[in-house]
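Here is what each chain is made of, one letter per residue.
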Amino acid sequence: MNGRERIPAEHRSVVVVGGGPAGLAAAIAAKEHGCDDVLLVERDHILGGILNQCIHDGFGLHTFKEALSGPEYADRFIRKLRGLHIETAEGTIVLSLSPDRVLEVSTRGALRRIEADAVVLAMGCRERTRGAISIPGRRPSGVYTAGAAQNFMNLENIMVGRNVAILGSGDIGLIMARRMTLEGARVEAVFEILPYSSGLPRNIQQCLNDYNIPLFLNTTVTEILGAGRLEGIKVAQVGSDRAPICDTERFVPCDTLLLSVGLIPENELTREAGVAIDPVTSGAVVDDRFMTSVPGIFSCGNVLHVHDLVDWVSVEAAQAGAFAAEYAGSGRRTAERTISVVPGAGVRYTLPQALSGDQACTLSLRVQEPWRDRSVVVTDNGREVARKRMMRLHPAEMIRLDIAVEALSGCSSLEVSVG
Amino acid sequence: MVRMYDVLVVGGGVVGCSVARELSRFSLRTAVLEKELDVGLGTSCRNSGVLHAGFNYAPGSTRALLDVQGNRMMDDLCRDLKVKIKRIGKLTVAFDDEEVAELHRLKEQGEVNGVPGLELVGHDRMQTIQHGVEGVLALYSPSSSIISPYGLTIGLAENALANGAHFHLGQRVTSIASQERGGWAVTTASGDRFSAAVLVNAAGLFAADVCRMAGITEHEIYPCRGEYYVLDRRLDGIVKTLVYPVPKKNSPGLGIHLTPTVDGNLLVGPSAEYLDDPEDCACSRDVMKDLRREAHHLMPEIHVTDYIRSFSGIRAKQTPPSVGGNKDFVVEDRKDVKGFINLLGIESPGLTSAPAIAAMVRAMVEHHLPLAPNPTFNPVRPGSALLFSDRPAEERADLIAQNPDYGEIICRCEKITKQEIIDAVRNPLGARTMVSIKYRARASMGRCQGGFCIPRIVRILRNEFGWSTADFLKRSTSSPLFVGTVRPGGEGTER
Ligand SMILES: Cc1cc2nc3c(=O)[nH]c(=O)nc-3n(C[C@H](O)[C@H](O)[C@H](O)COP(=O)(O)OP(=O)(O)OC[C@H]3O[C@@H](n4cnc5c(N)ncnc54)[C@H](O)[C@@H]3O)c2cc1C
Ligand SMILES: Cc1cc2nc3c(=O)[nH]c(=O)nc-3n(C[C@H](O)[C@H](O)[C@H](O)COP(=O)(O)OP(=O)(O)OC[C@H]3O[C@@H](n4cnc5c(N)ncnc54)[C@H](O)[C@@H]3O)c2cc1C
């Protein structure tokens, strides 16, 4: 007999893993859809997820029609959750998840084993690191991911550096460029390897342009210098193959390099549970009920695919939570997947990857490169099913496209492309 | 004030720490002088972590002798010191007639050297040992193993300390003078003075410099860098056995290969590039590219996201690039310079050989000083070689119930608990850098490379150990983590 059996199991109806905006909305929706036995597990000591360190405003423009700070946005959901008397376990981490939905959970004072009827995965994502993008050079101190630097500044009152260069134009990097400038640091520049920014246009304006911080596109860091603390970086322009062009290499003195080079959905638990992963999103493959390939395991928020706006995280997660409650309450009935959805020309990914066809749905998608005045077109074996015309399509901005249930009748395989 | 010892060891790498631990069996006053703020931060934390079997070295050479002996000593040593070791064996694979002939030669050579269990295996048997290996013939060496190299160095140092040896960290030896009444007077960069009857030079890449301080001028060290990639634990279990190509004549290393680590990662490397600066542990673009290409060739299932970091280590070669190859270890009790024990050119397999080198040094010290057994010597280091998360669930549940700090996970990638962080911070050597915590607790060595745990570790150190922002160093006094606080006065956490 192994330890797993010896620790007595508790039984719960719906367990939500992660207490960021996705987990909060999922737990609330599960309760509101009739599930009385919801447990939300969060490894941090407070709820709110990544929002806790986002003290800038700009959250909730769609949902609340006002610009809230991250903690303010989270607080609206936390109050609602408390009002619904949903049980939460903070300072509690899910260590493992099996395909039959048994969770091993560790907290100060106890190792617990929980069997759940339905599990909602809402673990968010982590940042890509220097190691992941293979920047050559020495290993001095002063190289941080932008989110870690944000955590130090906003939650620990720690200043990580004075002369800053930023690699990658992801939103966190842009926000940190402004934040560090406001706190007296000198931000030399933001370097981006792509020909366009990977952050939201509004952040380019408000965080860089307003502070005269230059953004160099088609440029990357080729070497990190410094034996103790960072002494500077070498940067170079890249060609169309994204390889550095040697004779454009130049030295930029700085004591700090922030990396804002992408987020990776945190799907270790998901993989462990045997859930199929989409190689493009690095998140689970889901249907229009946000159920993964493993019955009873649902996924939403940044762990499903990286979002740029928290509002859509909340919307998506509420649906996932409601379906999880339905699944748990219905004696674990799964809907049949009758329609496949795949990305076509110009589209990087689209989600969900399968539909039941028995309900309206919203597709989330991202385009491969920026376009002006184009349409996103959904076809079923060549026949147009839905279309959305847009003035600006940008890889940094997630696109949502609604499809009515009537439009889905008779469909079998949808393709989403830029037309 | 001059601090007086019987034996001073210059350098706290695996060799110096092995010597200190061996000498702590005796009633001697022994001290290690290490320029870095912790032991093992030189080459000893930057290598493949392989215990070599010993068939690659010429019979009768010091290397052959010490490697085979050292390898044999490791099971007991690792058990006592709570160091991770895995006896996974190795296949050296031949692809053509020339290489097959070389394998036969290596087997004979190994047998003369006393390597146990060597066996030539054909294609089928090769496949049962390691699925997917191709080749005509392979030499299987069961005593080839993997070990935690920094784990071993730290274990040796802590056990030496527990048995009475002294460790002076952050002390760079700058001058050595023989004293009129015999013995050595040693000065460090901070102006501190030490004396001892016997001096052991275990300064690795700087061993030739230490020799020169003592007037010995015939040695030269040529730094030769080896770069690596570390791969995600996702791939753990695929490589069950070490697989190496047949070594090329005059090549400075054993060629690029995949090496599993005791913690479940895979290493790709090492390369071999001569350089001028013995501390230029950089990684270079071209080599990184080669390594990725080679890795993909060796294991097509490696995905771009599996590369979690890179690092490099530097070999202390005695041969310049124009000569190439290797020279035998220098392990000598200088006849011309009394009381100077010289350990120089300890490149691969120095990790494997370290305990045997130490035994040899002990015999040399005996010529200078009487060795009375240390009556309180205890070879066993307390604790466990296992991470908390590797222990059975039931045991973990009990420990968490007793000590809540075991229930709180600080490093999510490697599942390291708060108690393990606290233990690392309170390490007996008093090493206080972030890398010291990393090498002891394994926190920040996983796929997110500290993005998650470092802010949490910083919080623990500030709130529970009273550190201020200036106390946080990555690895040396010149690598501060922070430049101050955002708002004045807020040295505590705001949360
Ligand atoms: C720096 C930054 C700035 C942003 N700025 C804006 C903005 O201005 N406007 C906007 O609309 N959106 C913004 N966003 C986007 C938005 O905040 C995110 O998309 C959203 O927070 C994602 O929510 P989530 O719940 O999926 O993930 P998270 O907020 O990351 O929450 C995941 C939670 O799961 C917990 N967890 C993970 N694993 C486990 C486990 N094994 N056990 C227990 N708990 C676990 C984590 O601790 C965390 O609390 C920003 C995002 C970032 C990172
Ligand atoms: C790429 C690579 C791969 C390798 N792979 C293997 C392997 O798989 N198996 C194996 O057995 N061996 C291997 N080796 C060899 C092994 O790592 C070394 O032989 C071993 O670590 C040497 O230990 P050391 O104590 O002599 O040197 P180091 O660990 O370098 O220790 C010397 C110490 O002396 C200190 N020091 C220097 N000058 C002074 C001074 N003036 N004052 C005070 N302190 C000073 C340094 O800071 C350092 O800590 C490899 C080496 C490399 C580079």
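This is a predicted model, so every value here is computed, not measured. Throughout this description, residue numbers start from 1 for each chain and increase along the sequence as written. The order in which chains are written sets their letters, starting at A; the order in which ligands are written sets their numbers, starting at 1. Only residues with pLDDT of 70 or above have their local features reported here, since the model is predicted, and side-chain atom pairs are shown and tallied only from 80 upward, although totals for entire chains, interfaces and linings are computed over all residues. Neither water nor hydrogens contribute to the side-chain values; these are computed over all heavy atoms in the structure.

Enquirer: Where do I start with the overall build of chain B in this structure?
Expert: Strands here are runs of E lasting at least two residues and helices are runs of H or I lasting at least four, both read from the DSSP assignment and numbered beginning at the N terminus. Each helix and strand counted, chain B has 12 helices and 25 strands in total. In terms of overall dimensions, chain B is globule-like: its C-alpha atoms have a radius of gyration of 23 Å, near the 23 Å expected for 495 residues. The principal-axis extent of the C-alpha atoms belonging to chain B is close to 70 × 60 × 45 Å. The cut-offs for exposure are 20% and 50% of the maximum accessible area for each residue type, with area from a 1.4 Å probe on protein chains only; residues under the lower value are buried, those over the upper are exposed, and the others partly exposed. A buried classification covers 60% of the 495 residues belonging to chain B. The contact criterion used throughout is that any non-hydrogen atoms of two residues lie within 4.5 Å. Restricting to contacts in chain B with at least 6 residues of sequence separation, those with at least 24 account for 72%. Per-residue and other accessible areas were derived by the Shrake-Rupley procedure at a 1.4 Å probe size, with only the shown protein chains allowed to occlude residues. For chain B, the exposed area adds up to about 19400 Å²; of that, 52% sits on carbon and sulfur atoms. What the globule rule says is 2.2 Å times the number of residues to the power 0.38, and the radius of gyration is computed from C-alpha atoms.

Enquirer: I tried to follow the sheet that holds strand β14 (residues 198-201) of chain B on my own but got confused; where do I start?
Expert: Strands in a sheet are paired, the pairing made by backbone hydrogen bonds, and the direction either parallel or antiparallel. All names here are of chain B. Strand pairing is assigned whenever DSSP detects at least two bridges linking the two strands. Spatially, β10-β3-β2-β14-β22-β21 is the arrangement adopted by the 6 strands of the open sheet, whose pairing is mixed. Of all the strands in the sheet, just β10 (166-169) and β21 (330-333) have a single pairing partner and so form its edges. This sheet shows a mean twist of 15° between the axes of neighbouring strands, independent of strand direction. Pairing between strand β2 (residues 7-10) and strand β3 (residues 30-34): 4 bridges, direction parallel. Looking at β3, one finds that V9 is bridged to V32. Under this scheme, a helix contributes an axis fitted over its contacting stretch, all axes are lines through C-alpha atoms, and angles between N-to-C directions fall in the 0 to 180 degree range. Contacting β2, β3, β10, β14 and β22 (340-344), helix α1 (residues 14-23) runs over the sheet at an angle of about 165° to β3.

Enquirer: I'm lost on the domain arrangement of chain B in this one. Help?
Expert: It is common to give the size of an interface as the accessible area lost on bringing the parts into contact. Residue and element names in this part refer to chain B. Domain start and end points were adopted from an automatic or database domain assignment. Under the domain assignment, chain B is made up of domain 1 (1-84 + 146-220 + 322-382), domain 2 (85-145 + 222-317) and domain 3 (388-471). Its C-alpha centre places domain 2 at a distance of 32 Å from the equivalent point of domain 3. When two components associate, each loses some accessible surface as probed by a 1.4 Å sphere; the sum of these losses over both components is called the buried area. On the domain 2 side of the contact with domain 3, R233, I308 and R309 bury the most area, a combined 64% of that side's loss. For this document, the term salt bridge refers to a Lys or Arg side-chain nitrogen within 4 Å of an Asp or Glu carboxyl oxygen. At the boundary of domain 2 with domain 3, the tally comes to 3 salt bridges. A salt bridge links R442 to D263; the nearest nitrogen and oxygen atoms lie 3.1 Å apart. Counting of polar contacts relies on pairs of N or O atoms within 3.5 Å, with two restrictions inside protein: one atom must be capable of donating a hydrogen and the other of accepting it, and residues adjacent in sequence are counted only when both atoms are side-chain atoms. Between domain 2 and domain 3 we count 6 residue pairs in polar contact (both at pLDDT 80 or more) in total.

Enquirer: Would you explain the domain arrangement of chain A in this entry?
Expert: Residues and elements named next belong to chain A. Looking at chain A, the domain boundaries give domain 1 (1-127 + 263-334), domain 2 (129-261) and domain 3 (336-419). Relative to domain 2, the C-alpha centre of domain 1 lies at a distance of 32 Å. Taken together, the contact pairs 11 residues of domain 1 with 17 residues of domain 2. Carbon and sulfur atoms supply 52% of the area that domain 1 and domain 2 bury against each other, a total of about 1100 Å² over both sides. Looking only at domain 1, the three residues that lose the most surface to domain 2 are Q53, H56 and E127, adding up to 57% of its buried area. On inspection of domain 1 and its partner domain 2, the count reaches 0 salt bridges. Where domain 1 meets domain 2, there are 9 residue pairs in polar contact (both at pLDDT 80 or more).

Enquirer: Quick question: what am I supposed to make of the pattern of salt bridges here?
Expert: A side chain with one charge can pair with a side chain of the opposite charge if their charged atoms come near. With the rule as written, the count across this model stands at 65 salt bridges over all chains. Of the charged contacts in the structure, one is a salt bridge between R381(B) and E158(B), with a shortest N-O distance of 2.9 Å. One end of the pair, R381(B), is in the loop between α8 (350-365) and α9 (393-402); the other, E158(B), is in helix α5 (residues 149-162), and 223 residues separate them in sequence. Taking relative accessible area as the criterion, R381(B) reaches 16% and is therefore assigned buried. On the basis of relative accessible area, E158(B) is assigned to the buried category, the value being 11%. Overlapping salt bridges bring together R43(A), R126(A), E266(A), E268(A), D232(B), R412(B) and R447(B) as one network.

Enquirer: Sorry, what's going on with the site of ligand 1 here?
Expert: Residue and element names in this part refer to chain A. One heavy atom within 4 Å of a molecule or strand is enough for the residue carrying it to be called near that molecule or strand. Taken together, 34 residues sit near ligand 1, with A22, E42, I50, N302 and V310 positioned nearest. Between R43 and ligand 1, the recorded distance is 3.1 Å, taken from a side-chain N or O atom to an oxygen atom. Interatomic distance of 3.2 Å between a backbone N/O atom of G58 and a nitrogen atom of ligand 1. Surface burial for ligand 1 is 94%, taken as the share of its 1000 Å² of free accessible area covered by protein chains. Sorting the residues of the shell around ligand 1 by element identifies α2 (21-32), β3 (57-59), β6 (92-97) and α9 (310-329) as the ones contributing at least two each.

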